[in-house]
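So you can see what is in the structure, the chains are spelled out below.
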Amino acid sequence: MLHYSCDFCQRPIDPAVGIRHVVKINVFPAVDSQNDESCSPENQSLGDDHLDDMHDLLERLEEQDLAAFLDDGTRSLRFDLCDACRQRFLQNPLGIQPNKSFTFSDN
Ligand SMILES: [Zn+2]
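Not measured: the values here are computed from a predicted model.

Asks: Which residues make up the overall build of the protein chain, and what are the values?
Replies: Looking only at helices and strands, one finds three helices and four strands in the protein chain. Walking the protein chain from its N terminus toward its C terminus, one meets helices and strands in the order β-β-β-α-α-β-α. In the protein chain, 77% of the contacts between residues at least 6 apart in sequence involve partners at least 24 apart.

Asks: Describe the pairing of strand S3 (residues 21-27), listing the residues and the values that go with them.
Replies: Burial runs low along S3: only zero of the seven residues are buried. The pairing of S3 with strand S4 (residues 75-81) spans seven bridges and is classified as antiparallel. Bridge pairing in S4 links Val22 to Asp80.

Asks: Now, about the nonpolar core: what can you tell me, with residues and values included?
Replies: Taken as a class, soluble globular proteins show a tendency for nonpolar side chains to be buried jointly. Core analysis: the biggest nonpolar cluster contains five residues, these being Cys6, Ile13, Leu81, Cys82 and Cys85. In this structure Leu81 touches Cys6, Asp7, Phe8, His21, Val23, Arg86 and Phe89, once residues within four positions along its chain are discounted.

Asks: Explain the environment of Asp80 residue by residue, including any values.
Replies: Topologically, Asp80 is positioned in strand S4. When the 16 C-beta atoms within 10 Å are taken as the criterion, Asp80 is described as partly exposed. Separated by 76 residues in sequence, Asp80 and Tyr4 place their C-alpha atoms 7.5 Å apart. Asp80 has contacts with Tyr4, Cys6, Asp7, Ile13, Arg20 and Val22, leaving out every residue within four places of it along the chain.

Asks: Account for unusual backbone geometry, with residues named and values stated.
Replies: The backbone phi angle of Gln10 is positive, close to 70 degrees, even though this residue is not glycine. Along the polypeptide, Gln10 turns up in the loop between strand S1 (4-5) and strand S2 (12-13). Overall, Gln10 belongs to the exposed group, with 9 C-beta atoms counted inside 10 Å.

Cut-offs used in this document
- Residues numbered from 1 in each chain as written.
- Predicted model: local features only at pLDDT ≥ 70, side-chain atom pairs only at ≥ 80, totals over all residues.
- Helix = DSSP H or I, 4+ residues; strand = E, 2+ residues; numbered from the N terminus.
- Contact = placed C-beta atoms within 7 Å.
- Buried ≥ 20, exposed ≤ 12 C-beta atoms within 10 Å, placed from the backbone.
- Pairing = 2+ DSSP bridges.
- Core = buried A, V, L, I, M, F, W, Y, C linked by C-beta atoms within 7 Å.

What follows is the structure in structure tokens.
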């Protein structure tokens with residue numbers, strides 16, 4: 001049997017006592033699909049020259065650079081939360097601390 005713990009407060013979540021809440025966050029570049037028609041299928045008929053250039057580029061990139069090159073910012077995050085942390089999360093999903101920015105401006 002799987003045992004879950006809250007990703008926020010690290011407390012174990014006993015399904016007999018509390019409900020385990022799952023938070024899924026998907027981060028991806030927003031693409032305006034209404035503009036898709038301007039990208040005609042003709043763009044896919046690229047010549048061999050372009051493929052060679054692409055191959056050279058990929059060969060020159062280090063493995064780490066390649067990962068950054070291919071990274072479009074897409075992330076899928078998943079968290080298990082206990083009920084108390086679920087309520088805290090929903091009150092401030094982005095963890096914004098409104099007064100934090102004034103802490104260093106008193107000098
Ligand atoms: Zn918790």
